[in-house]
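The primary structure of each chain is shown beneath.
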Amino acid sequence: MSQVAAARRFGRTGAVFWTGVVVVVAVFFAGAWQRRWIADDGLIVLRTVRNLIAGNGPVFNAGERVESNTSTLWTYLIYGVHEIVGYRLELVVLGVALTLSMLAVVFAMLGTRVMYRGTRRAPAGGPMVLLPFGVLVYVMLPPARDFATSGLETGLVICWIGAMWLGLQLWARAPHREGRFGLPTPGTAAIAFLAGLGPLVRPEMALAAAAFLALMAVAHQSWRHLGWLVVIAGTVPVVYQVWRMSFYALPYPLTAVAKDAGGSKWDKGAEYLWNLLSPYVLLVPLAAVLVAGLVALWARLAPRPGNPLLPLRIRYPDWSSRSGGTIADPRGGDGGGGVGDGGGDGGGADDHDDDEGGRRPRLRRRARSTPVVTIVFLVVALVMLLYVIRVGGDFMHGRVLLPSLFLLLLPVSVVPLPVGPAGGSAEASVRRVAVPAIAAAWLVVVGWAVTVQVTENPFREEPESITSAGIVDERQFYIQRTGHRHPLLAEDYLDFPRMRALVNDVTRNRTGAVFLPVPGFQDRWDVVSYDRPMPGLAPFELPEEPLKTVVFLNLGMTSMNLPLDVDVYDTVGLASPLAAHTDRMEDGRIGHDKFLPYDWVLARTGVVEDPGQLPAVDRRQLGEPGRGRAPVSRHAGTHRVLHGPVDPREALVQRGECILIRRVQDQQNPCVRGPEVRAADAGGSGEVSGHSVVLRTLLSRNGNSRGSKWSPTCNTCPKVRDSIDELDVAVPVLPLVGPVR
């Protein structure tokens, strides 16, 4: 087909497609804006961005090298946009999330259009109208609208997926070209670079990135071209990974440890999947999408004479042609002769089907084709879905299933309906079956979308509660708990139970303290003040910079409503390595199935000089003798690696040590007096009490750390003082101690 004819064909039906794009984006934007909000977990990201802006680095608490954000790219993207526009962070994250979510839909529809119709340079198929189809299922789904804002990285994830879908579909249609020294074309280089960012989008996106890059690697190309792709795709993630292991002393974000991303809870995952499918009768539109997809595939596979869509005549790039043309697969009967690679290996290989040397290049050429790209995306979707189910899903309704759903819907995000006269009786007979079936499926999806729009109330009045599986509609939960229809700003969360009382208590405190929530009360906090003067201060003298620490489950709202000089920790491990490395509770709520007793925090801060004389805090939140399980490192350098200054000369050692952090079971909780145990049980020697081994060694390292703000109170215990030099080397060191300012 000539380029003039192709342009006419695109022009006749392009208006319908672009109208559909505009309508879908408008509907999605309206639904997302109606449900706009920022989740508590979204505010966690902004705390790290605040520290970046303040010059404290990419940390949650200043001076503690902890990566509390799952998406590295999301953190730096928000920081970069804020530095450009200068608006307050909540508005920046709202705008960026909405923009990326809308772009994801556009990329998805454009990529599927390329799959069906090709490009202007490499057109495919006959005249057809492309109607919005599978993408309607996604944009009408309430959780998709909820997390189009939310402050979380969901919009970035699906935008990256959509961009990879469009990019690889274009890559499959384009001829292979290599520049001087084997350099890839700008388009291919951009796709490889984008794919390499997958692990920085979210850690599990490394699975998708690996599949996409493997597809590009097996395609027919020279070794020099492949080497350039490896360098382009790998430089940023590898450099960041080396830096991450040196700076954070972990090979992945702390959230992966806290949520046990390698764990297995199939039953919880199955409940989580059903929790998304059931309320919206989602199986109905998914079944319609599946039927339409199979019918469209059958129509393309139907063996009718002269069918330009026969898979046996898929158009492959002619890499031996300098003009960048395409050739048909030789199995279709009209293929040309020899097809060489970019390095000019010679032709004629396709003429020898039984020759091993000819079969391999042909298979590698076919890797760069629309069907293979589409199959890879579907495989990635299924793998991601199985992974989410395996780890137990999440506590937020539908959130972590959205990328898998988006991936599955990509090949049918738009659906083709042929227009114009049929090419013959065979094609007419296929149309008589395919067109009514696809049209019926489209009507089912549209009817479902309208039903969801009419029946789903975005501001329900009935109380939102956590299900028995630990799942909750997070947005609805916070709307009802704060009283704000659109909880967007950090101040909106001051109306969440306990928040305003906490801010008042922290503001009034001038001596320094640890603030612990009182169970059963909505406006009370236990304020555990220091029971002695700070180092260098006379009795009753107030410090200029009192040391304040807050422990609360809701990290985001807490940290964003408090100054950066107030340390904020949780009990489940998002910001606390101690809690993150504890064992999962067998029947705990997903994402909240770890718990670090408050006494570990009291020990870490050194707020009480005698750990046996605890204040009257709720004892249910404290550990029991001999039952606490907290992580320690068998390497005395772990404290230095995690909290000391980064020494480039020792970076290699730190990267090695970061992988060796292990759990030590049955470690005594530090603030609970237990029976006398031998220090040898913890790696030392001599008879000392269980709490002393851990607490006194911990506080010793606190006080002896360069730049530490914590008091060296260990010398109050004579037994430990006499053997402190030995304990410093022999006793495992807790991987979280006082921050270095």
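Residues numbered from 1 in each chain as written. Predicted model: local features only at pLDDT ≥ 70, side-chain atom pairs only at ≥ 80, totals over all residues. Heavy atoms only, no water.

1. Some words on the overall build of the protein
Step number 1: Helix and strand counts for the protein stand at 28 helices and 12 strands.
Step number 2: When burial is assessed residue by residue, the protein has 58% of its 741 residues classed as buried.
Step number 3: Accessible surface for the protein amounts to roughly 30300 Å². Of this, 61% is attributable to carbon and sulfur atoms. (Helix = DSSP H or I, 4+ residues; strand = E, 2+ residues; numbered from the N terminus. Buried < 20%, exposed > 50% of the residue type's maximum accessible area, 1.4 Å probe, protein only. Areas by Shrake-Rupley, 256 points an atom, 1.4 Å probe, with all protein chains shown as cover.)

2. Side note on helix H13 (residues 266-277)
Step number 1: The first and last C-alpha atoms of H13 sit 17 Å apart over 12 residues, in line with the 16 Å expected at 1.5 Å per residue.
Step number 2: Within H13, the full set of buried residues consists of Lys268, Gly269, Tyr272, Asn275, Leu276 and Leu277.
Step number 3: In this structure, the buried residues of H13 make contact with helix H6 (142-146), helix H14 (283-301) and helix H16 (370-391). (Expected span 1.5 Å × (residues − 1). Contact = heavy atoms within 4.5 Å.)

3. A short note on the layout of surface pockets
Step number 1: Space inside the second largest pocket adds up to approximately 880 Å³.
Step number 2: Mapped onto the lining of the second largest pocket, the elements with two or more residues apiece are helix H7 (154-173), helix H9 (198-201), helix H11 (223-247), helix H12 (254-258), H16 and helix H17 (402-409).
Step number 3: For the lining of the second largest pocket, a count of residues per class yields 24 nonpolar, 9 polar and 10 charged. (1 Å grid on protein atoms, 1.4 Å probe; cavity = no way out; pocket = protein on both sides within 12 Å on 5 of 7 lines; lining within 4 Å. Points joined across faces, edges and corners; volume = space filled by probe spheres on them. Nonpolar A, V, L, I, M, F, W, Y, C, P; charged D, E, K, R; others polar.)

4. Things to note about empty space enclosed by the protein
The gaps of empty space that remain are located by a probe, the size of a water molecule, rolled over the atoms.
Step number 1: Evaluation of the coordinates by the stated rule reveals 11 cavities of 30 Å³ or more.
Step number 2: Here the largest cavity defines a volume of roughly 130 Å³.
Step number 3: Among the elements that make up the lining of the largest cavity, the one with the highest residue count is helix H2 (residues 40-54) (3 residues).
Step number 4: Within the lining of the largest cavity, the residues separate by chemical class into 4 nonpolar, 4 polar and 5 charged.

5. A short note on the sheet that holds strand S6 (residues 525-529)
Step number 1: The mixed open sheet is built from 4 strands, whose spatial order is S6-S5-S7-S8. With one partner strand each, in any of the chains shown, S6 and strand S8 (566-569) form the two edges of the open sheet. Averaged over all neighbouring strand pairs, the angle between strand axes comes to 20 degrees, with direction disregarded.
Step number 2: When strand S7 (residues 548-551) meets S8, the two strands line up parallel, connected through 4 bridges. (Pairing = 2+ DSSP bridges. Axes fitted to C-alpha atoms, helices over the stretch in contact; angles between N-to-C directions.)

6. What to know about the confidence of the model for the protein
Step number 1: For the protein, mean pLDDT is 76; residues scoring 70 or higher make up 72% of the total.
Step number 2: In this model, residues 303-356 is a region of pLDDT below 50 whose contacts with residues beyond four sequence positions or in other chains number 98 contacts.
Step number 3: Confidence over residues 649-741 falls short of pLDDT 50; this stretch has 227 contacts with residues more than four positions distant or in other chains. (pLDDT = per-residue confidence, 0-100.)

7. Let's talk about the environment of glutamate 83
Step number 1: Mapped onto the elements, glutamate 83 comes out in helix H3 (residues 72-85).
Step number 2: We classify glutamate 83 as partly exposed; its relative accessible area is 45%.
Step number 3: The spatial distance from the C-alpha of glutamate 83 to the C-alpha of isoleucine 53 is 8.4 Å, given a sequence separation of 30 residues.

8. So, the packing of helix H10 (residues 205-218) against H16
Step number 1: In the contact formed by H10 and H16, the axes pass within 10 Å of each other and the chain directions differ by 160 degrees. Compared by their axis directions, H10 and H16 come out roughly antiparallel. Of the two possible hands of crossing, H10 and H16 adopt the one that is right-handed. The residues of H16 that touch H10, namely those facing Met205, Leu207, Ala208, Ala211, Phe212 and Leu215, are Val372, Val373, Val376, Phe377, Val380, Val383 and Met384.
Step number 2: Of the residues contributing to the contact of H10 with H16, the split by class is 13 nonpolar, no polar and no charged. (Parallel < 35°, antiparallel > 145°, perpendicular 65-115°, else oblique. Left-handed = near helix turned anticlockwise from the far one by under 90°.)

9. Quick notes on unusual backbone geometry
Step number 1: Its identity as a non-glycine residue notwithstanding, alanine 249 has a phi of 60 degrees, on the positive side.
Step number 2: Among the structural elements, alanine 249 can be located in the loop between H11 and H12.
Step number 3: You can call alanine 249 buried: its relative accessible area is 0%.
Step number 4: With a phi close to 85 degrees, arginine 498 is a non-glycine residue in the positive phi region.
Step number 5: Among the secondary structure elements, arginine 498 is positioned in the loop between helix H19 (474-482) and helix H20 (499-508).
Step number 6: Looking at arginine 498, the relative accessible area reads 16%, which means it is buried.

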